[in-house]
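Now for the letters of each chain:
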Amino acid sequence: MHTLKLGKFEFNSRFILGSGKFSLELIEAAIKEANVEIITLALRRAHTGKLENILDYIPKNITILPNTSGARTAEEALKIAQLARELCGAEMIKIEVIRDSKYLLPDNYESIKAVELLAKEGFTPLPYMYPDLYAARAMRDAGAAAIMPLGAPIGTNKGLRTKDFIQILLDELDLPIIVDAGLGSPAQACEAMQMGVSAVMINTAIALSSNIPQMARAFKLAIEAGREGFLAGIAGQSKLARASSPLTGFLRD
Amino acid sequence: MSKKSVFEYESNMQEIHSKVLQNVLAQVSSYHKENYTQAEVLKALQSESLSIEGLKALLSPAASAFLEELAFKARMLTKRHFGNSIALFTPLYLSNYCESKCVYCGFQKGNAIARAKLSEAEIRAEMQAIADTGLQEVLLLTGEGREHASVEYIAQACKIAKEYFKVVGVEVYVMNVDEYELLHKNGCEFVTIYQETYNAQKYEKIHIFGEKRVFPYRFNGQERALKAGMRGVGFGALLGIDEFEKDALATALHAYFLQKAYPHAELSLSAPRLRPILGNRKISPKDVTEARLLQVLCAYRIFLPFANIVVSTRERAGFRDKIIDIVATKISAGVSVGIGEHSGEKKGDDQFQISDERSVAEVFSMLKKAKLQAVMSDSIYVG
Ligand code: SF4
């Protein structure tokens, strides 16, 4: 009942580990401490050469989520997805279509097209996106298994800067929402989970910590706490006073 | 032999009417490095994103008192954007024939050096030897002059390189858009062009003749490469030729203005210093000490946090090992600047002396010890 469903895939953990900024031993340490079941892999880096192979550092029971980073158009994303399928048999693909090398903000227009192309080819697409309701609906209609809005620009650790817009997506879309990019502390991950997002993705915040295993554990606990809090139903905050003996209790009919 | 102005194009050279050069030169000519105070440096260091004025302050002599702070901020930004990754590549010299005369270079026409050009079979042998070390990115180089290494020859070399490597770049003479298109079609994604100096008068003096002499044609090379569909472009001034603060400023602004016009462009910056060459062992980077070089690199990082910074083997191992933890994100490894040396005996002389002769495996294990991750490829060729 409480598993994370992404298309036909199911997971117990709601902690997705990004791998772009780690060194391989550190990925290993983070996986061990955090019970993650999904780890992203930039296909452009998939081979680390003859001297080392990233796949040796990822246990067999972990699902590899290749991303299309490097793609600037939907067609390029499709080509990269096809390469990923050849290389590691992946069906679930994180779509990243970025045409700005400075801010690395996702291009929603191209990403919608990419979702369409990949879904037609039988992939389970998870698009990284800017939290825009129209784009999110279009991605859903095109076959996205979840959407991955950013909390803040990649690597900034600024937290849920887009909170209000993610809330709109949560209210309007019946589709798993995974917060990707920007979460910088366990508290921020907890906050996202309390809102009701289905999972979060963390990379920089752990990779740059001085104690990686401990930080990975901290995120794991925060994500679980946030999820529990959400399921238990957070008592809503209200600006309006609500007396414990109501003023309107006299009304009949 | 031409003694025309360096601003005069030759008939085969395409003009693209770009505004970037004008913008860069205007900024550089109004830059007076002595005018900056420590207060301005501090203000720049504390700002969230560095303005052009801030960049000028960080390059100025006043900033040299804040080297530690510069390094601290630069390191934070490098980690934020690149994490622990350090990309590795190696240059492959295809030919050292050259029809230009640049006074700082050992390959210049007329220098009595052993000249050579790799045949197709030799290119394959070299590439095989490099690929065997585990590298997946190669940078192809030639001297200047289409007579010796035609565009078709370079395109063919790119095509062969695609069989052995995931990422192919070139550092060759500058070309027209359609010529870059041919390279791109054959698998080349990155074009690096060193402007050497952005001071046109100085440029005129040290580029005695040859195609390289045409200053704006060279300057607009990166833009033509981007118009041809290349993924990224590299920039560099040879520090020590002219007032290095101005050249560093111009390099950073060249990249900055181009990025504004081509937001998808992946940038990379290098900051080579002058090195002794064959026939002139006395050439040196003068006032560009390691400390000033670090200052320049930190200013680059703070101004363009997302850009790759490449440190070549011109610098000593001890400097390179530290700089990759502060600003550099890409280093060469297993370098040979002679022709044909990777796979067998060298048949052509070197362009300059290198200072770090470590193999790929040695660089790899140095990175591991420093808890950094060697990245062999950070790109995928998708046409
Ligand atoms: S710098 Fe280039 S163009 Fe100039 S002499 Fe050397 S190889 Fe030739």
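Look above for the structure.
In this numbering scheme, every chain counts its residues from 1 along its sequence in written order. Each chain is given a letter, starting from A, and each ligand a number, starting from 1, according to the order in which they appear as written. Confidence filtering applies because this is a predicted model: local features only for residues at pLDDT of at least 70, side-chain atom pairs given and counted only at 80 or more, and all residues used for totals across whole chains, interfaces and linings. Side-chain figures throughout are based on the complete set of non-hydrogen atoms in the structure, without hydrogens or water.

Colleague: Would you mind going over the overall build of chain A with me for this structure?
Modeller: Working definition: helices are DSSP H or I runs of at least four residues, strands are E runs of at least two. Numbering for both runs from the N terminus. Along the backbone of chain A there are eight helices and 10 strands. The C-alpha radius of gyration of chain A comes to 19 Å, within 12% of the 18 Å expected for a compact globule of 253 residues. Each principal axis of the C-alpha distribution contributes one length, and for chain A these read about 80 × 40 × 35 Å. Residue exposure ignores everything except the shown protein chains as possible cover, and the areas themselves are Shrake-Rupley values with a 1.4 Å probe. As displayed, chain A offers around 11,900 Å² of accessible surface, 51% of which is attributable to carbon and sulfur atoms. Each radius of gyration reported is based on C-alpha atoms, and the globular scaling rule is 2.2 Å times the count of residues to the power 0.38.

Colleague: Help me understand the site of the ligand, please; the structure alone is not making it clear to me.
Modeller: Any residue with a heavy atom lying within 4 Å of a molecule or strand is counted as near it. Among the 11 residues in the neighbourhood of the ligand, the closest are listed as B:Cys98, B:Cys102, B:Cys105, B:Glu144 and B:Lys212. Following the grouping adopted for this structure description, the nonpolar residues are Ala, Val, Leu, Ile, Met, Phe, Trp, Tyr, Cys and Pro, the charged ones are Asp, Glu, Lys and Arg, and the polar ones are all others, Gly among them. Of the residues assigned to the shell around the ligand, the class counts are five nonpolar, four polar and two charged.

Colleague: What is the right way to look at the environment of B:Val168 in this model?
Modeller: Residues and elements named next belong to chain B. Position of Val-168 among the secondary structure elements: in strand S4 (residues 167-171). Partly exposed residues are those whose accessible area sits between 20% and 50% of the maximum for their type, while under 20% is buried and over 50% is exposed, using a 1.4 Å probe and protein chains only. By relative accessible area, which is 0% here, Val-168 ends up buried. Taking the C-alpha atoms as reference points, Val-168 and Ala-157, 11 residues apart in sequence, are found 9.8 Å from one another. Contact between two residues is taken to exist if any of their heavy atoms lie within 4.5 Å; hydrogens are not considered. The residues contacting Val-168, other than those within four sequence positions of it, are Val-138, Leu-140, Cys-158, Ala-161, Lys-162, Gly-187, Cys-188, Glu-189 and Phe-190.

Colleague: Please clarify how the packing of aromatic side chains should be interpreted in this entry.
Modeller: Two aromatic rings are characterised by how far apart their centres lie and by the angle between their planes. Residues and elements named next belong to chain B. Stacked, edge-to-face and tilted are the three classes for Phe, Tyr and Trp ring pairs, Trp counted by its six-membered ring, which pair at centre distances within 6.5 Å; planes under 30 degrees apart are stacked, over 60 edge-to-face, the rest tilted. Scanning the model with the defined rule gives 10 aromatic pairs over all chains in all. Ring centres of Tyr-198 and Phe-219 lie 6.0 Å apart, and the angle between their planes is 85°; this geometry places the pair in the edge-to-face category. Highlighted residues: Tyr-198 in the loop between strand S5 (190-196) and helix H8 (200-206) and Phe-219 in helix H9 (residues 215-219), separated in sequence by 21 residues. Relative to Phe-303, the ring of Tyr-256 has its centre 5.0 Å away and its plane inclined at 40°; by these criteria the two rings are tilted. Here the residue Tyr-256 occupies a position in helix H11 (residues 244-261), and Phe-303 occupies one in helix H12 (residues 290-303), the gap between them amounting to 47 residues. Aromatic ring contacts, followed pair by pair, group Phe-7, Tyr-203 and Phe-215 into a single cluster. We count a charge as sitting over a ring when the NZ of a lysine or the CZ of an arginine lies within 6 Å of the ring centre and within 35 degrees of the ring normal. A cation sits over an aromatic face here: Lys-330 above Phe-190, 5.9 Å from the ring centre.

Colleague: Would you mind showing me how to read empty space enclosed by the protein here?
Modeller: Unoccupied space between atoms shows up once a probe the size of one water molecule is rolled over them. Points on a 1 Å grid over protein atoms alone make up a cavity when a 1.4 Å probe fits among them but cannot get out, and a pocket when they form an open set with protein on both sides within 12 Å along at least five of seven lines; lining residues each have an atom within 4 Å of a point. Grid points are joined across faces, edges and corners, and a volume is the space filled by probe spheres set on the points. Enumeration over the complete set of coordinates arrives at four cavities of 30 Å³ or more. Taken as a whole, the largest cavity spans an internal volume of roughly 130 Å³. Residue lining of the largest cavity: 14 residues in total, with A:Ser19, A:Phe22, A:Leu24, A:Arg45 and A:Ile54 positioned closest to the centre. When contributions to the lining of the largest cavity are tallied by element, the ones reaching two or more residues are helix H1 (24-34) and strand S4 (38-42) of chain A together with strand S11 (373-375) of chain B. When residues in the lining of the largest cavity are grouped by element, the largest group, three residues, is from S11(B).

Colleague: What should I look at first to understand the interface of chain A and chain B in this one?
Modeller: Note on interface size: it is often stated as the accessible area lost on association of the parts. Facing 34 residues of chain A, the contacting portion of chain B comprises 38 residues. Accessible surface is computed with a 1.4 Å probe, and the buried area is the amount of it that two parts give up when combined, taken over both parts together. The junction of chain A with chain B conceals about 2,900 Å² of combined surface from both sides, 49% of it contributed by carbon and sulfur atoms. Looking only at chain A, the three residues that lose the most surface to chain B are A:Arg44, A:Leu51 and A:Arg72, adding up to 22% of its buried area. Each reported salt bridge corresponds to a side-chain nitrogen of Lys or Arg within 4 Å of a carboxyl oxygen of Asp or Glu. Here chain A is connected to chain B by one salt bridge. As a salt-bridge pair, B:Glu48 and A:Lys158 come within 3.1 Å of each other at their nearest N and O atoms. For the purposes of these results, a polar contact is taken to be a pair of N or O atoms within 3.5 Å, where, inside protein, one atom must be able to donate a hydrogen and its partner to accept one; residues adjacent in sequence count only when each atom of the pair is a side-chain atom. At the boundary of chain A with chain B, the tally comes to five residue pairs in polar contact (both at pLDDT 80 or more). For the side of chain A that touches chain B, the element with the most residues is helix H2 (residues 74-88) of chain A, which contributes four residues. Classifying every residue of the side of chain A that touches chain B gives 11 nonpolar, 10 polar and 13 charged.

Colleague: I'm lost on the pairing of S4(A) in this one. Help?
Modeller: Across a regular strand the side chains alternate sides, sitting on one face of the sheet and then on the other. All names here are of chain A. Burial analysis of S4 places five of its five residues in the buried class, the great majority of the element. Covered by surrounding structure in S4 are Ile-38, Thr-40 and Ala-42 together with Ile-39 and Leu-41, the residues of both alternating faces. Handedness rule for crossovers: strands pointing away from the viewer, path from the first strand over the helix to the second running clockwise, crossover right-handed. Read as a crossover between parallel neighbours, the route from strand S3 (residues 15-17) over H1 to S4 is right-handed.

Colleague: Would you take a moment to explain helix H5 (residues 163-172) of chain A for this structure?
Modeller: Because an α-helix packs 3.6 residues into every turn, residues spaced three or four apart end up facing the same way. Residues and elements named next belong to chain A. Turning to H5, its buried residues number three or more, namely Ile-166, Leu-169 and Leu-170. The arc enclosing the buried residues of H5, seen along the axis, measures out at 100°, which places them on a common side. Across from the buried face of H5, at angles greater than 90 degrees, the exposed residues are Asp-164 and Asp-171. If you follow the buried residues of H5, they end up packed against strand S7 (124-129), helix H4 (133-142), strand S8 (148-149), strand S9 (178-180) and helix H6 (186-195). Arc definition: it is the arc formed by the directions from the helix axis to the C-beta atoms.

Colleague: I keep staring at the state of the cysteines and nothing clicks. Help me out?
Modeller: What is meant by a disulfide is a covalent connection between two cysteines, made through their sulfur atoms. All names here are of chain B. Sulfur atoms of two cysteines make up a disulfide when they are within 2.5 Å. Summed over all chains, the structure comprises zero disulfides over all chains. Cys-188 carries a free sulfur, and the closest cysteine sulfur to it, the one in Cys-158, is 4.6 Å from it. Residue Cys-188 is classed as buried on the basis of its relative accessible area of 0%.

Colleague: How do you make sense of the nonpolar core when you look at a structure like this?
Modeller: Nonpolar side chains in soluble globular proteins tend to be buried together. B:Leu140, B:Tyr180 and B:Leu183 are the most contacted members of the largest nonpolar core, which totals 137 residues. Among the elements that make up this core, the one with the highest residue count is H11(B) (10 residues). Setting aside chain neighbours within four positions, we find B:Tyr180 in contact with B:Tyr173, B:Val174, B:Met175, B:Val191, B:Ile193, B:Gly221, B:Arg224, B:Ala225, B:Ala228 and B:Met230. Formed by 67 residues, the second largest nonpolar core is a distinct cluster that contains A:Phe15, A:Ile39, A:Ala192 and A:Ala205. Only buried residues count toward a nonpolar core. Its members are Ala, Val, Leu, Ile, Met, Phe, Trp, Tyr and Cys residues joined through side-chain atoms within 4.5 Å.

Colleague: For this particular structure, what's the right way to read the pattern of salt bridges?
Modeller: All names here are of chain B. Applying the stated criterion across every chain, the model contains 26 salt bridges over all chains. For Arg-231, the salt bridge is made with Glu-266, and the minimal N-O distance between the two is 3.3 Å. On the criterion of sequence distance, the pair formed by Arg-231 in the loop between helix H10 (221-227) and strand S7 (232-237) and Glu-266 in strand S8 (residues 266-270) is long-range, its members being 35 residues apart. The salt bridge involving Arg-316 is made with Glu-290; its shortest N-O contact spans 2.7 Å. Highlighted residues: Arg-316 in the loop between strand S9 (308-311) and helix H13 (317-323) and Glu-290 in helix H12, separated in sequence by 26 residues. Each of Lys-33, Glu-243, Glu-245 and Arg-292 takes part in salt bridges that share partners, so that together they form one network.

Colleague: Got a minute to help me understand unusual backbone geometry in this structure?
Modeller: Negative phi characterises most residues that are not glycine, and trans characterises most peptide bonds. The phi angle at A:Asn35 is positive, at roughly 55°, despite the residue not being glycine. Residue A:Asn35 is classed as partly exposed on the basis of its relative accessible area of 45%. With a phi close to 50°, B:His17 is a non-glycine residue in the positive phi region. As for its position among the elements, B:His17 is in the segment before helix H1 (20-29). For B:His17, a relative accessible area of 70% gives the class exposed.

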